[in-house]
Amino acid sequence: MLQRYWRAWSTTPPPADLQHLINAVSADSPLELYCPSNKPPLEIPRAADRLAGAAHSADAGSVGSVRQEAAMGLYVNHGSKGWTELRVHGVSGTPPESSLGHPCVARVAGDERAGFYRREWETRRVSEDTKKFRRETYSWGGLTSGDNQRALWLLLLPFMLLNLAFFTDRGHQASDTTWHVAFRTVVQRLLAISLTGAYVLGGISASVDLVGWQCGNAALGRPAGAKACAGGTGWLRWLQYGWLDSPGRHLTVTAVFPIALIALLWYLGNKTWRVAEAQPVSQSPGTPDVRTPLEDRRMWNGRGPVRRLRALHIAGAFAITTVFILAPLVDPARRGLNALTDNNRWEAGTAFFRSLCLVVALVLLAFVIVMVALPGTARRIRPSAQDRVSSERDLYGFLPWGALVLVVGAGVAASWGSKGGENSAASQLPWEVAWIHVLFIAQAAMLVLLFVSQLLSRLLACPPATASSLKDLPRQPWGGFVLTGVALLSWALAGALASGLMMRTAEILGAPTVAQRWDKAAKQAQLIVPDAYFWTGTAVSLLVAVAIVIAVISWLAQRGARGHFAHEVDRVYRPTSGDPRRCKEIATSWALGQLIERRGQRGLGSFVLVAATVVVAGTIAFALDSKPVTDQQWLVLLSNLVLSAGFLGMLWAGKQAYRSPRFRRTVGILWDIGSFWPRETHPLAPPCYAERTIPDLLKRVEYLTANRGLLARKGHVILSCHSQGSVIGAALVLQTTTAADSRVRLLTYGCPLTHMFVRFFPAYFNASSLERIGTLLVAGAPDADADHWPWRNLYRLSDPIGSWVLAPAQLPKAGEPVNPVPPPVDRQLLDPSGFARQPGDPCYPATLGHSNYFADPAFDETVRAFCKGAIP
């Protein structure tokens with residue numbers, strides 16, 4: 001009979017798997033079904049049942065699905081009617097098997113980076129996915145914590161922090177941008193390109209200055225008596241080759257390192273842009289009713305703006321490299337631009353080309369700065385159905401390539417005909433110290449402008465026009481100056497990385513020192529490092545000590561809070577709470593879960609305040625006199641030690657992230673939290689995964705809730721979101737159409753919306769946006785209050801990330817069931833579920849914290865209540 005079924009479907013012989021199945025049916029023997037990823041086999045009692053289930057599982061006319069199920073022996077529900085629980089995981093890239101709680105899954109939409117998965121079953125008859133209900137998950141971990149390239153993102157942490165700072169601005173709104181917000185946006189984009197310049201200058205300092213200029217001059221005997229770098233080891237002997245015996249050629253060869261660094265940034269930026277921003281964003285039909293910033297789909301439409309900013313940053317980086325290849329060869333270099341027409345150190349015929357390349361590089365750099373400052377360069381437009389992708393063969397498409405040609409031309413000009421003038425004294429790379437100081441002053445001035453602008457905005461701010469019913473939401477910490485504080489951290493970290501790179505390189509080549517302490521009689525090569533880098537190392541050393549003190553104080557405060565939670569444990573678990581050791585264990589887990597809420601944010605604010613004080617005081621002291629640090633040998637050694645250790649620690653973390661998938665997922669957690677936001681200010685930051693996840697989920701939800709005919713029933717979706725997935729789910733509800741919203745229910749657990757995002761991003765997550773989410777979910781009753789929202793949020797006291805959304809809920813007692821039906825939105829779960837060991841179990845009930853909310857009975861009860869319509 002099975003042979004007849006196959007002949008009715010196809011004229012070709014059955015595949016080997018199906019033939020094996022047919023033979024097993026004939027023998028009436030059990031089969032073993034193997035799942036992906038080396039999962040243990042599942043035994044199926046009768047192969048005939050499996051094939052019969054596959055044959056009956058297809059809808060009328062779906063012969064292809066019957067063929068696939070018969071051939072593969074697996075059943076996947078592809079329906080969209082009834083209810084679909086769509087799970088969206090949180091940080092660390094949870095595998096779809098774990099998210100669905102099933103060993104066998106199949107991708108039904110999307111790709112390997114971000115795809116939709118459903119459970120695979122032996123037959124339809126044993127499947128828990130039915131016509132009325134099915135479970136699906138959206139796995140987006142490949143966008144942030146997937147392959148080994150994520151290890152390189154550690155070096156881009158300052159860029160991510162600066163991009164994060166943009167969205168902490170309280171002045172952003174859905175309507176037209178105010179002048180002070182527009183001003184801060186321009187300042188932040190200029191600060192962003194200055195950080196790119198700091199990275200390039202760090203690479204130039206370590207390679208072109210230390211190796212090409214100082215070690216190169218020592219190899220040529222300039223000045224007399226200078227020691228060879230790295231003890232004259234073989235890997236630096238190329239500095240003495242006859243065909244490279246000139247400063248110009250040394251500079252050209254060592255410029256390969258910063259050029260390679262820029263090329264790497266260019267490659268990563270372009271690759272991630274194609275995955276994230278290049279994805280099309282569709283606009284809802286008609287004129288959208290945009291009331292909060294997250295509702296506007298222009299926020300996720302970054303294809304053009306990010307491409308333009310990336311081209312400008314890369315072109316500016318190449319221009320800086322061009323300048324430092326040619327400027328040191330100007331005779332004398334201290335004359336600066338006035339010496340461009342001199343050709344004493346060059347043969348006739350090359351002076352014009354050299355001067356032309358240098359002038360073009362300076363003009364290009366000025367052009368880049370002006371274009372970055374123009375608001376139209378990075379302005380995002382609202383997508384629509386009539387939009388077409390504009391041609392990318394414009395000025396921005398050719399600009400980085402033109403800058404690359406310029407830097408190659410500079411290398412030719414530096415190598416061709418250079419005589420290599422005499423150098424009687426040890427010196428740093430000409431123009432380097434001046435550029436570092438100018439960059440430092442400009443960045444400090446931009447931070448001051450951000451602070452003053454925020455202060456004026458607070459003084460001129462008007463009270464909200466309408467009062468909100470949500471009274472318990474927290475305010476923005478740090479006095480409302482989160483933008484300036486995070487930008488300060490970004491700037492400090494970028495400076496520390498650049499300084500650490502140069503310090504570590506100088507340590508490898510010889511001994512780092514300052515210009516006034518250079519001694520040719522020293523036993524090893526003396527390499528001059530800018531005074532500003534030693535001051536940076538001293539400041540970092542002080543901040544490390546402050547961070548340790550704050551961490552110790554926070555830990556001691558947590559130990560003090562444990563006593564308060566011990567009373568709660570006794571109240572909740574009474575009368576079984578008779579074990580003091582177990583009571584202490586639970587109280588400790590609750591205190592640690594609330595550490596970020598109670599002490600972490602305050603401690604970070606204290607650290608930022610101290611950092612700002614150190615930066616301001618250090619800048620003033622350095623401007624007055626740099627000797628208090630550079631004249632103290634122990635401070636010089638301490639600065640070198642701290643910066644070198646920090647740079648080596650970053651390299652170690654990158655190596656571990658490359659080799660260890662587990663450590664790579666840990667690194668991915670940082671990006672999951674920080675790279676939710678679009679690349680608004682820095683185009684080379686880690687990519688925004690939301691620019692891929694939001695359009696993906698939007699299309700999927702609209703597909704699952706679409707009307708497919710007069711007689712077809714519309715589907716309903718339960719957005720089941722964990723951790724960072726809750727933020728994605730909230731943004732998704734604000735993006736969906738009104739018709740889709742009315743058939744969407746929202747279930748969040750381990751949700752950081754109020755705990756983190758309302759605090760730090762008040763313009764995007766606030767009382768108005770939360771109320772807007774609730775009213776969109778009840779599209780038929782836009783004036784419904786929170787008691788009628790189809791939204792439930794589950795959280796635990798032991799969860800350090802998740803918390804309540806609208807208002808704290810009462811902690812239930814042990815054995816007391818959690819009823820998900822009556823309002824309000826928030827439900828607090830008891831964790832652990834029991835105090836004492838269960839009969840026959842040698843272990844206590846585990847404390848789950850931020851993970852495995854599915855294990856609590858309240859989760860399934862909430863899903864069932866949604867499906868039955870018990871939750872309005």
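Residues numbered from 1 in each chain as written. Predicted model: local features only at pLDDT ≥ 70, side-chain atom pairs only at ≥ 80, totals over all residues. Heavy atoms only, no water.

What to know about the overall build of the protein
Part 1: For the protein, the helix and strand inventory stands at 26 helices and twelve strands.
Part 2: Looking at the protein residue by residue over its 872 residues, the buried ones come to 54%.
Part 3: Looking at the protein alone, contacts between residues at least 24 apart form 77% of all its contacts between residues at least 6 apart. (Helix = DSSP H or I, 4+ residues; strand = E, 2+ residues; numbered from the N terminus. Buried < 20%, exposed > 50% of the residue type's maximum accessible area, 1.4 Å probe, protein only. Contact = heavy atoms within 4.5 Å.)

Focus: the pairing of strand 11 (residues 791-796)
Part 1: Counting buried positions over the six residues of strand 11 gives six, a clear majority of the element.
Part 2: Side chains W791, N793 and Y795 project from strand 11 onto one buried face, and the interleaved R792, L794 and R796 project onto a second face that is buried too.
Part 3: Across four bridges, the pairing between strand 10 (residues 744-749) and strand 11 is parallel. Bridge pairing in strand 11 links L747 to R792.
Part 4: Of the pairings in the sheet, the one linking strand 11 to strand 12 (residues 826-829) comprises four bridges and is parallel in character. (Pairing = 2+ DSSP bridges.)

Some points on the pattern of salt bridges
Part 1: Applying the stated criterion across every chain yields a total of 18 salt bridges.
Part 2: Salt-bridge contacts for E136 lead to R118; the nearest nitrogen and oxygen are separated by 2.6 Å. With E136 in strand 6 (residues 133-139) and R118 in strand 5 (residues 115-119), the pair connects residues that are 18 residues apart, well separated along the chain. Side by side, E136 and R118 carry an identical accessibility label, which is buried.
Part 3: Sharing partners across several salt bridges, the network here consists of R189, R380, E680 and E691. (Salt bridge = Lys/Arg side-chain N within 4 Å of Asp/Glu carboxyl O.)

Notes on the side chain of T196
Part 1: In this structure, T196 sits in helix 7 (residues 179-219).
Part 2: In this structure the side chain of T196 is engaged in a polar contact, spanning 2.9 Å, whose partner is the side chain of H682.
Part 3: If we ignore the near neighbours within four places in the chain, the residues touching T196 are F159, H313, A317, H682 and L684. (Polar contact = N/O pair within 3.5 Å; in protein donor to acceptor, adjacent residues only side chain to side chain.)

Observations concerning the packing of aromatic side chains
Part 1: Per the stated rule, a full pass over the model turns up 31 aromatic pairs.
Part 2: Of the aromatic side chains, those joined through ring pairs into one cluster are W140, F166, F167, W300, F676, W677, Y689, F757, F761, Y764 and F765.
Part 3: Above the plane of the ring of F116 lies R700, whose end atom (NZ or CZ) is 5.4 Å from the centre.
Part 4: Residue placement shows R796 over the ring face of Y853; its charged tip is 4.0 Å from the ring centre. (Phe/Tyr/Trp six-rings, centres within 6.5 Å; stacked < 30°, edge-to-face > 60°. Lys NZ or Arg CZ within 6 Å of the ring centre and 35° of its normal.)

Details of the packing of helix 6 (residues 157-166) against helix 14 (residues 482-509)
How two helices sit against one another is set out by the angle between their axes and by the gap between those axes.
Part 1: Two numbers describe how helix 6 lies on helix 14: the axes approach to 8 Å, and their chain directions differ by 165 degrees. For the element pair helix 6 / helix 14, the angle class is roughly antiparallel. Read as a crossing pair, helix 6 and helix 14 show a hand that is left-handed. Residues L157, P158, L161, L162 and A165 of helix 6 touch helix 14, and the partners they reach there are L483, V486, A487, S490, L493, A494 and L497. (Axes fitted to C-alpha atoms, helices over the stretch in contact; angles between N-to-C directions. Parallel < 35°, antiparallel > 145°, perpendicular 65-115°, else oblique. Left-handed = near helix turned anticlockwise from the far one by under 90°.)

Overview of the confidence of the model for the protein
Part 1: Per-residue confidence for the protein averages 79 on the pLDDT scale, and 77% of its residues sit at or above 70.
Part 2: For the stretch residues 24-71, pLDDT sits under 50, and the model shows 76 contacts to residues farther than four places along the chain or on other chains.
Part 3: Low pLDDT, under 50, characterises residues 420-425; the predicted model gives this stretch twelve contacts beyond four residues in sequence or across chains. (pLDDT = per-residue confidence, 0-100.)

Digging into the nonpolar core
Part 1: Core analysis: the biggest nonpolar cluster contains 182 residues, and F676, W677, F765 and W791 have the highest contact counts within it.
Part 2: With 15 residues, helix 7 is the largest single contributor of residues to this core.
Part 3: Each residue touching F765, except ones within four places of it in the same chain, is listed here: L294, W677, V727, A730, L753, F757 and V758.
Part 4: Of all hydrophobic cores here, the second largest spans 14 residues; its members include F565, V569, A587 and F835. (Core = buried A, V, L, I, M, F, W, Y, C linked by side-chain atoms within 4.5 Å.)

Let's talk about the pairing of strand 5
Part 1: Within strand 5, five of the five residues are buried, which leaves the element mostly enclosed by the surrounding structure.
Part 2: Alternating positions in strand 5 separate into two faces, G115, Y117 and R119 on one and F116 and R118 on the other, with burial throughout.
Part 3: As paired strands, strand 4 (residues 105-110) and strand 5 are joined by five bridges and run antiparallel to one another. Paired with G110 across the strands is G115, a residue of strand 5.
Part 4: Taken together, strand 4 and the strand that follows it, strand 5, pair antiparallel across an intervening segment of four residues.
Part 5: The pairing of strand 5 with strand 6 spans four bridges and is antiparallel. Residue pairing in the sheet places R118 in a bridge with E136 of strand 6.

Here we look at the sheet that holds strand 3 (residues 83-88)
Part 1: If you walk across this open sheet you meet the eight strands as 4-5-6-3-9-10-11-12, and the pairing is mixed. Every interior strand has two partners, whereas the edge strands, strand 4 and strand 12, have only one. With strand direction ignored, the average angle separating the axes of adjacent strands in the sheet is 25 degrees.

Re a nonpolar patch on the surface
Part 1: Together, W179, F183, V448, L449, F451, V452, L455, L456, L459 and L460 make up a nonpolar patch on the protein surface, roughly 990 Å² of accessible area in all.
Part 2: When residues of the nonpolar patch are traced back to their parent elements, those giving at least two are helix 7 and helix 13 (432-460).
Part 3: Within the secondary structure, L459 sits in helix 13.
Part 4: The exposed category is assigned to L459, whose relative accessible area is 65%. (Patch = residues over 30% accessible without salt bridge, like charges linked within 9 Å, V, L, I, M, F, W, Y side chains within 5 Å. Areas by Shrake-Rupley, 256 points an atom, 1.4 Å probe, with all protein chains shown as cover.)

Observations regarding the packing of helix 21 (residues 690-704) against helix 22 (residues 724-735)
Part 1: Packing of helix 21 against helix 22 brings their axes to within 10 Å, and their N-to-C directions diverge by 60 degrees. Looking at the two axes, helix 21 sits oblique to helix 22. Considering only the axes of helix 21 and helix 22, their crossing is right-handed. Residues T693, I694, L697, L698 and V701 of helix 21 touch helix 22, and the partners they reach there are I728, A731, L732 and Q735.
Part 2: Class assignment of the residues belonging to the contact of helix 21 with helix 22 gives a composition of seven nonpolar, two polar and no charged. (Nonpolar A, V, L, I, M, F, W, Y, C, P; charged D, E, K, R; others polar.)

A short note on the environment of V359
Part 1: Here V359 is to be found in helix 11 (residues 351-373).
Part 2: On the basis of relative accessibility, which here comes to 37%, the residue V359 falls in the partly exposed class.
Part 3: Distance in space between the C-alpha atoms of V359 and V323 is 8.7 Å, their sequence separation being 36 residues.

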